[in-house]
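Analysis of the macromolecular model
Now for the letters of each chain:
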Amino acid sequence: MRQISQHGAKLLYAADFPPTQSVLYLSGGASQVVAWLLSVPGAASTDLETVVPYSQMSMIQLLGKIPDKFCSQHTVEEMALLAYNRALKLSSPGGRFGLCL
């Protein structure tokens, strides 16, 4: 698995013109990215919301159902759709937003 460094996180934000807002729904090992991304100056204007449903019950609450498998492509796609819809609600009108899982 590829790891992102704190320097890499800074580059992600620095290369992003105009700023893209994002909603992050992460699980498992990907949660280590949160500290790196939020430590970069300007992250507060970019990150709209970050959610880490780490336990099975938390994931069930997020999805609104018990998934067939907690770690599957289908579950990731459901999380992505939820994050996308949340970004639509939280982003500035006409603003650009991205998605990170």
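First, a word on scope: everything that follows refers to the structure included in this document. Note that the coordinates shown come from a computational prediction; the quantities given were computed from them, not determined experimentally. Each chain has its residues counted from 1, following the order in which its sequence is written. A pLDDT threshold of at least 70 governs which residues receive local features in this predicted model, and a stricter bar of 80 or more applies before side-chain atom pairs are shown or counted, although totals over entire chains, interfaces and linings include all residues. Side-chain measures were taken over the full set of non-hydrogen atoms in the model, leaving aside hydrogen atoms and water.

Quick word on the nonpolar core
We call a set of buried Ala, Val, Leu, Ile, Met, Phe, Trp, Tyr and Cys residues a nonpolar core when their side-chain atoms join them within 4.5 Å. Think of it in three bands: with a 1.4 Å probe and only protein chains considered, a residue is buried below 20% of the maximum accessible area for its type, exposed above 50%, and partly exposed in between. Judged by nonpolar contacts, Val23, Tyr25, Met59, Leu62, Leu63, Met79, Ala83 and Ala87 together constitute the single largest core of eight residues. In terms of nonpolar packing, the next biggest core, distinct from the first, is built from five residues, Leu26, Val33, Val34 and Leu37 among them.

Focus on the pattern of salt bridges
Whenever Lys or Arg places a side-chain nitrogen within 4 Å of a carboxyl oxygen from Asp or Glu, that contact is recorded as a salt bridge. Applying the stated rule across the entire model yields two salt bridges. Ionic pairing is found between glutamate 49 and arginine 86, a salt bridge with its closest N-O pair at 2.9 Å. In this pair, glutamate 49 sits in strand S2 (residues 47–51) while arginine 86 sits in helix H5 (residues 73–90), placing the two residues 37 residues apart along the sequence. Linking lysine 65 and glutamate 78 is a salt bridge whose minimum nitrogen-to-oxygen distance equals 2.6 Å. One end of the pair, lysine 65, is in the loop between helix H4 (56–63) and H5; the other, glutamate 78, is in helix H5, with 13 residues separating them in the sequence. Accessibility expressed as a relative area gives 17% for glutamate 78, which makes it buried. Secondary structure elements are defined from DSSP: runs of H or I of at least 4 residues count as helices, runs of E of at least 2 residues count as strands, and each element is numbered from the N terminus.

Observations regarding the packing of H4 against H5
Orientation is described by axes fitted as lines to C-alpha atoms, over the contacting stretch for helices, and by angles from 0 to 180 degrees between their N-to-C directions. One way to put it is that H4 packs onto H5 with a least axis distance of 10 Å and a crossing angle of 55°. In terms of orientation, H4 and H5 fall into the oblique class. Crossing hand, H4 versus H5: left-handed. Contacts between H4 and H5 involve Met59, Leu62 and Leu63 on the former and, on the latter, Thr75, Glu78, Met79 and Leu82. Partitioning the contact of H4 with H5 into residue classes produces five nonpolar, one polar and one charged. Reported orientations rely on four angle classes, namely roughly parallel under 35 degrees, roughly antiparallel over 145, roughly perpendicular from 65 to 115, and oblique for the rest. Note: crossing handedness is left-handed where the near helix turns anticlockwise from the far helix by less than a right angle, and right-handed where it turns clockwise. The contact rule is simple, with two residues in contact once any of their heavy atoms fall within 4.5 Å. Polarity classes work like this: nonpolar for Ala, Val, Leu, Ile, Met, Phe, Trp, Tyr, Cys and Pro, charged for Asp, Glu, Lys and Arg, and polar for all others, with Gly in that last group.

So, H4
Residues spaced three or four apart along an α-helix face the same direction, because each turn holds 3.6 residues. Residues of H4 that are buried: Met59, Ile60, Leu62 and Leu63. Down the axis of H4, the smallest arc covering the buried residues is 160°, so these residues share one side. Projecting away from the buried face of H4 at angles above 90 degrees are the exposed residues Met57 and Gln61. The elements touched by buried residues of H4 are strand S1 (21–25) and H5. Note on H4: the residue one or two positions beyond its end, glycine 64, has a positive phi of about 80°. For this quantity, the arc is that covered by the directions from the helix axis to the C-beta atoms.

Some details on the pairing of S1
With five of its five residues buried, S1 lies for the most part within the structure. Pairing between two strands is assigned when DSSP locates at least 2 bridges connecting them. Sheet analysis places S1 next to S2, joined by four bridges and oriented parallel. By the bridge assignment for S2, valine 23 is matched with glutamate 49.

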